[in-house]
Amino acid sequence: MMEFDFTRLPAADRYRLLTNFVGPRPIALVTTRSEAGHDNAAPMSFFNVFSQEPPIVILGVQTRADGAEKDTAVNIRRTGQFCVNMVDMELAEAMILCGINFARDIDEPALAGLEMRDCRQIAARFVRRSPCAMECRVERIIDFPRRAIILGEVVEMTVRDDCLDAQGRYVDPSVYQPIARLHADNYIVADRQFELRPPPQAKAWEAGLDLPVAGREVMELQPPEGT
């Protein structure tokens, strides 16, 4: 077994190991409004949803190499608002363009050819073709020397018409196939989905009944139908 002492390991090596093994990581194309009034967009792969009550998403925004804060963090601190646009293959190339370190006065969505719409509850705009746009208000910011951990409360969600099933409850997996980051410049698309269900005995086990012998009975269970 290879062992890595993270208390002594250089930051670049910690990043490499963490991002190689913790994945795929969903992409948040975060849109904010600049002080001059134009749109800013930046992809974030240090992102996820952490709670539904309250509805909380989290961003990890690193500083620039010179220690200065990126435009996204600057705008979020000033306005207390941001929008998370989920990304599929239709938006993949535009997302990469928005990740380039442009000057502060550049409107990345316009440069990438993204059509924008006004958000309903925050002073920002969302990507019209995003499968899902989540309008967020800052709940709190946790500051570290080179990174800000931003917790945002989702106050509004806009979902593209074709992404949900007929009942409006679940995504249609044939339509919504989000992309996520693996490591370096490697990404993955969720175009191969499958179901995994607990075995029939699960309810009894949860009640403390007929518990399996570790490593034996579990392996002998029949897989769910259709797998």
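Source: prediction; values computed, not measured.

A. Structural view of the overall build of the chain. Regarding its fold elements, the chain presents 6 helices and 12 strands. In terms of its C-alpha atoms, the chain occupies a principal-axis envelope of roughly 65 × 55 × 30 Å. The 227 residues of the chain split such that 33% are buried. Taking contacts inside the chain between residues at least 6 apart in sequence as the whole, the part at least 24 apart equals 58%. Of the roughly 14,400 Å² that the chain leaves accessible, carbon and sulfur atoms contribute 54%.

B. Spotlight on the pattern of salt bridges. Applying the stated criterion across every chain, the model contains 15 salt bridges. As a salt-bridge pair, glutamate 115 and arginine 128 come within 2.9 Å of each other at their nearest N and O atoms. Taken together, the residues span a long stretch of sequence, with glutamate 115 in the loop between helix 4 (108-111) and strand 7 (116-118) and arginine 128 in the loop between strand 8 (125-127) and strand 9 (132-143) at a distance of 13 residues. Under the relative-accessibility criterion, glutamate 115 is labelled partly exposed at 39%. When salt bridges that share partners are traced, they join Asp88, Glu90, Arg129, Arg160 and Asp162 into one network.

C. Region of the structure containing the pairing of strand 10 (residues 147-159). Bridging between strand 5 (residues 55-62) and strand 10 involves 7 bridges; their strand directions are antiparallel. Counterpart to isoleucine 58 in the pairing with strand 10 is leucine 151. With 11 bridges connecting them, strand 9 and strand 10 associate as antiparallel partners. Bridged to isoleucine 142 within strand 10 is isoleucine 149. Connecting strand 9 to the antiparallel partner strand 10 that follows it, the hairpin turn spans 3 residues.

Quick notes on the rules
Residues numbered from 1 in each chain as written. Predicted model: local features only at pLDDT ≥ 70, side-chain atom pairs only at ≥ 80, totals over all residues. Heavy atoms only, no water. Helix = DSSP H or I, 4+ residues; strand = E, 2+ residues; numbered from the N terminus. Buried < 20%, exposed > 50% of the residue type's maximum accessible area, 1.4 Å probe, protein only. Contact = heavy atoms within 4.5 Å. Areas by Shrake-Rupley, 256 points an atom, 1.4 Å probe, with all protein chains shown as cover. Salt bridge = Lys/Arg side-chain N within 4 Å of Asp/Glu carboxyl O. Pairing = 2+ DSSP bridges.

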